[in-house]
Amino acid sequence: MNQLKSREPGSVTLPGTLSEPLRAELSAFRRDLHMHPELGNQEFRTTAVLKARLEAAGLVPKVLPGGTGLICDIGTPDVRRPMLAIRADLDALPIPDVKTVAYRSTVANRAHACGHDVHTTTVLGAGLVLADLHRQGLLPHAVRLLFQPAEEVLPGGAADAVAAGVLDGVGRIIALHCDPRVDAGKIGLRAGPITSACDRLEVTLDGPGGHTARPHLTTDLVTAAARVATDVPAVLARRVDARSGLSVTWGRIESGHAPNVIPQHAELSGTVRCLDLPTWREAPDLVHAAIDEIATLHRAKSTVNYVRGVPPVVNDPAVTELLHDAMAARRGTHAIEDTEQSLGGEDFSWYLEHVPGAMARLGVRTPGDTRVRDLHAGDFDVDERCIETAVELFTAAVLTDADTRP
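All of these numbers come straight from a predicted model, not from anything done at the bench.

For the protein, the count of helices and strands is nine helices and 16 strands. Its C-alpha atoms put the protein at 85 × 45 × 45 Å along the principal axes. Counting over 406 residues, the protein shows a buried share of 54%. Long-range pairs, those at least 24 residues apart, make up 82% of the contacts in the protein with a sequence separation of at least 6. Of the roughly 17,200 Å² of accessible surface on the protein, a fraction of 53% belongs to carbon and sulfur atoms. Separation of charge centres in the protein, based on 41 positive and 52 negative side chains, amounts to 1 Å.

Rendered as structure tokens:
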């Protein structure tokens with residue numbers, strides 16, 4: 001990986017591997033979450049079972065103000081040494097689980113189809129291991145576990161978590177996300193942007209309608225909507241640096257009810273994605289201007305509702321290197337892959353507006369499996385050996401962090 005040091009297993013001795021009983025417990029915990037998925041800001045059961053397990057380990061978790069999500073510090077915070085935070089997201093998706101496994105979702109039209117059950121389980125597992133190290137006097141500094149609600153709800157529960165003070169006393173933050181394109185036992189890393197910004201766009205067009213026999217006496221809104229759909233992305237492509245990856249993609253166009261009537265109203269909705277922060281900050285003004293120009297050209301009145309989503313996740317090079325060294329120390333550099341930037345959005349980016357951090361991609365594909373699985377699909381599942389990989393990564397990052405910071 002560019003500019004990242006290599007460290008082979010055996011060059012350091014790191015405690016904090018999983019015992020067989022804990023490995024089995026975490027698998028069962030993940031399956032329980034998978035069977036009981038909850039949508040964003042509704043993760044009450046998930047929060048309760050997490051809180052109970054952390055308290056059973058002698059820890060003192062604190063539920064976030066909205067009643068879902070929590071933080072839990074391990075060790076005694078030191079104002080001279082900002083904590084490393086480890087973040088998980090809790091929420092599921094409003095889609096049916098179509099798998100036939102024993103741990104299939106028990107809630108109609110709800111599924112953990114993005115791997116948040118895995119994320120939650122791995123941060124819990126890391127917390128239990130780190131708590132045990134703390135009791136043995138082997139934890140070098142305090143660590144914060146952060147279990148965040150509503151990642152799938154724009155603009156993301158991370159913004160509310162930050163407002164609630166979850167980063168107070170935190171100096172760096174790490175996380176991971178399931179990747180069905182990477183084998184279990186491996187992670188993918190990338191310094192710099194690893195996900196895209198993602199905003200929501202809603203446009204309405206209005207004008208006097210009329211008979212299709214006399215379009216010259218009307219505002220032809222169907223044509224106007226079609227031109228907005230095709231011309232706005234083309235205009236934007238010539239107003240921003242192509243390397244910024246600014247992209248408007250429509251998911252819905254609706255207008256009219258009869259073949260011989262020019263309607264008075266049209267609607268379009270879609271997403272705006274962007275690969276870098278500076279262009280993302282300019283995107284609302286750029287998009288507004290392009291839509292207004294095209295609509296005015298066709299004598300339509302436009303109204304734009306631009307809903308801010310999330311900025312891109314930009315991995316800090318130093319924290320990415322920490323994750324690299326941690327995995328290399330555990331499993332060797334063969335367990336680390338370079339990964340590409342995704343056009344998907346992730347609200348982990350809100351934390352990076354305040355502290356440096358990095359997100360890894362966690363391999364969840366069974367080695368040799370040629371089936372194509374994807375996130376946000378009803379058949380999504382993981383090879384549960386990924387849980388151990390993630391726990392080892394997180395615990396090694398905490399211990400390796402002690403060697404690289406004053």
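Read on, since the account is not over.
Moving on, we get to the nonpolar core. Within the largest apolar cluster, 64 residues are counted, with the highest numbers of intra-cluster contacts made by I86 and F147. Ranked by the residues each element gives to this core, the list is headed by helix α9 (residues 385-404), at 10 residues. Not counting residues up to four positions away in its chain, the partners in contact with I86 are V123, L130, V143, R144, L145, L146, I174, F394 and V398. Judged by nonpolar contacts, the second largest core, of 53 residues, contains I173, L205, W250 and A266.

For the rest of this paragraph, the subject is the pairing of strand β2 (residues 70-74). Successive side chains on a regular strand alternate, one facing one side of the sheet and the next facing the other. The element β2 is extensively covered by neighbouring structure, given that four of its five residues are classed as buried. Across two bridges, strand β1 (residues 62-63) lies against β2 in antiparallel orientation. Residue pairing across strands places V63 opposite L70, the latter belonging to β2. What sits between the antiparallel neighbours β1 and β2 is a turn of six residues, in which G67 has the positive phi angle 90 degrees. Where β2 lies against strand β4 (residues 143-148), five bridges are found, and the strand directions are antiparallel. Across the sheet, the residue bridging to C72 is L145, located in β4.

Glancing now at the pattern of salt bridges. The final tally for this structure, using the stated rule, is 32 salt bridges. We note a salt bridge from R87 to E346, for which the minimum N-O separation is 3.3 Å. Here E346 lies in the loop between β15 (336-338) and α8 (349-352) and R87 lies in strand β3 (residues 83-89), a separation of 259 residues in the sequence. Both residues of the pair, R87 and E346, count as buried. Where E202 meets R200, a salt bridge forms, and the shortest distance between an N and an O atom there is 3.4 Å. Three or more residues are tied together by salt bridges with common partners; here these are R30, R31, D117, D381 and E384.

Here the amide bond leading from L154 into P155 is cis, since omega sits at 0 degrees, within 30 degrees of zero. With respect to the helices and strands, P155 occurs in the loop between β4 and α4 (157-163). Its identity is not glycine, yet A150 carries a phi of approximately 60 degrees, on the positive side. Checked against the element boundaries, A150 lands in the loop between β4 and α4. We classify A150 as buried; its relative accessible area is 2%.

Okay, the side chain of T339 next. When you line up the elements, T339 lands in the loop between β15 and α8. Judged by relative accessible area, which is 12%, T339 ranks as buried. For T339, the side chain forms a polar contact with the side chain of R361, separated by 2.7 Å. The residues touching T339, leaving out its near neighbours within four places in the chain, are D179, G188, L189, R190, I194 and R361.

This part covers helix α2 (residues 44-56). The first and last C-alpha atoms of α2 sit 18 Å apart over 13 residues, in line with the 18 Å expected at 1.5 Å per residue. For α2, the complete set of buried residues consists of T46, T47, L50 and L54. Projection of α2 onto a plane perpendicular to its axis shows the buried side chains occupying an angular sector of 95 degrees, all on one side. In this fold, the buried residues of α2 make contact with α1 (20-35), β1, β2, α3 (116-135) and β4.

Definitions and limits used
Residues numbered from 1 in each chain as written. Predicted model: local features only at pLDDT ≥ 70, side-chain atom pairs only at ≥ 80, totals over all residues. Heavy atoms only, no water. Helix = DSSP H or I, 4+ residues; strand = E, 2+ residues; numbered from the N terminus. Buried < 20%, exposed > 50% of the residue type's maximum accessible area, 1.4 Å probe, protein only. Contact = heavy atoms within 4.5 Å. Areas by Shrake-Rupley, 256 points an atom, 1.4 Å probe, with all protein chains shown as cover. Lys, Arg positive; Asp, Glu negative; His and termini not counted. Charge placed at Lys NZ, Arg CZ, Asp CG, Glu CD. Core = buried A, V, L, I, M, F, W, Y, C linked by side-chain atoms within 4.5 Å. Pairing = 2+ DSSP bridges. Salt bridge = Lys/Arg side-chain N within 4 Å of Asp/Glu carboxyl O. Polar contact = N/O pair within 3.5 Å; in protein donor to acceptor, adjacent residues only side chain to side chain. Expected span 1.5 Å × (residues − 1). Arc of directions from axis to C-beta.

Nothing here speaks to function; it is all geometry.
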